Every structure is written in C-alpha cells, then in structure tokens.
Amino acid sequence: MRVMGLDVGTKTVGVAISDELGWTAQGLTTLKINEDEQEFGFEEIEKLIKEHLVDKIVVGLPKNMNGSIGPRGEACQFYASELERLYGVPTVLWDERLTTMAAERVLLEADVSRKKRKKVIDKMAATLILQGYLDSK
C-alpha cells in the first residue's frame, strides 16, 4: 500500500510518496499550480497516483496555532475533497503546523543555499507531513 503526501500551497504542491510497506516517506517532486487561476495540478497528481499505485493521500492541513481552520486550511480541505471526488482515492487531512518551518530548519542545518532551499522546501514539507502520518499508524 503506497501513500502519497501533499503540501498544498497557492503556487506549488510538494509531493512525497511512501515505500510499499508504508514505513518511510520520500520526497518526489514539486508541482507548479496557480490557485488564483484555478490551476490545481490535478492531472499531474492523477499520473502520479497511477504510476505509483497510490491507495491513500495525506494532505497537509495548516491549522492556526489555536487549532482553528483559516482560509488556507479551507483551501486544503477543498483540494483533498476534489482529489477524492475525481480519483476515488481516500484522503486524510493531517495537521501540518510548523512542518514548513521544520523543513526550512533541516535544510539550513544541512547548509543548503537559499536558492536550492526554495526549490525543495515544499517537497521536504510533504515528506515531513507524510512521515508524521506514517509514524502515527
């Protein structure tokens, strides 16, 4: 059973995938999207679902620090429900508070340049979201 993890932003979607046993998460890619133009990258996600035989999708849910759901969280809820509706793959919303900051810290500690960090931060955040979910199981 493979699980896909997504870190959904307004301009990009970080994508991670689990190993076949569902133990470890690996960063896969970062997709360009444009939320303002209603370009969500669903076609690319569909290709990845089929290519990797994905059984479940974990979408990061950015909650406010007090646990409430703001506009960004609502956008992620919409994204998850659309994936489920379009492709019939069950989706799980996973609390992603501070994952982007954690990914940034890991990359800083690894001395990755600012330019390179920008290219991989969303993929790294998706990996942390997915790994957190996998570890909880």
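Below, the structure is looked at part by part. By convention here, each chain's residues receive numbers from 1 onward along its written sequence. Reporting in this predicted model follows two pLDDT cut-offs: at least 70 for local features of residues, and 80 or more for side-chain atom pairs to be given and counted; totals over whole chains, interfaces and linings ignore these cut-offs and use all residues. The side-chain values count all of the structure's non-hydrogen atoms but skip hydrogen atoms and water molecules.

Take helix α2 (residues 71-87) next. Secondary structure counts use DSSP, requiring at least four H or I residues in a row for a helix and at least two E residues in a row for a strand, with both numbered from the N terminus. Multiplying one less than the number of residues by 1.5 Å gives the expected span of a helix. The terminal C-alpha atoms of α2, which comprises 17 residues, lie 24 Å apart, in line with the 24 Å expected from a rise of 1.5 Å per residue. The classification of residues rests on relative accessible area computed with a 1.4 Å probe and restricted to protein chains. Under 20% of the type maximum is buried, over 50% is exposed, and intermediate values are partly exposed. For α2, the complete set of buried residues consists of Gly73, Ala75, Cys76, Tyr79, Ala80, Glu82 and Leu83. Positioned one or two residues after α2, Gly88 has a phi angle of 65°, which is positive.

For strand β4 (residues 54-61), the tally of buried residues reaches 6 of 8 residues, placing the bulk of the element in the interior. The pairing of strand β1 (residues 2-8) with β4 spans 5 bridges and is parallel. Within β4, the position partnered with Leu6 by the bridge is Val59. Of the pairings in the sheet, the one linking β4 to strand β5 (residues 91-95) comprises 5 bridges and is parallel in character. Across the sheet, Gly60 pairs through a bridge with Trp94, a residue of β5. Look down the strands so they point away from you; if going from the first strand over the helix to the second traces a clockwise path, that crossover is right-handed. The parallel pair β4 and β5 is bridged by α2, and the resulting crossover is right-handed. Whether two strands pair comes down to DSSP finding at least two bridges between them.

Turning next to helix α1 (residues 42-52). Here α1 has its buried residues at Phe42, Ile45, Leu48, Ile49 and His52. The arc that holds the buried residues of α1, viewed along the axis, is 120°, so those residues lie on one side. Residues Glu43, Lys47, Lys50 and Glu51 are exposed on α1 and point more than 90 degrees away from its buried face. Any two residues having at least one pair of non-hydrogen atoms within 4.5 Å are treated as being in contact. Tucked into the core, α1 has its buried residues touching β1, β2 (12-18), β3 (25-32), β4 and α2. Directions from the helix axis toward the C-beta atoms define the arc.

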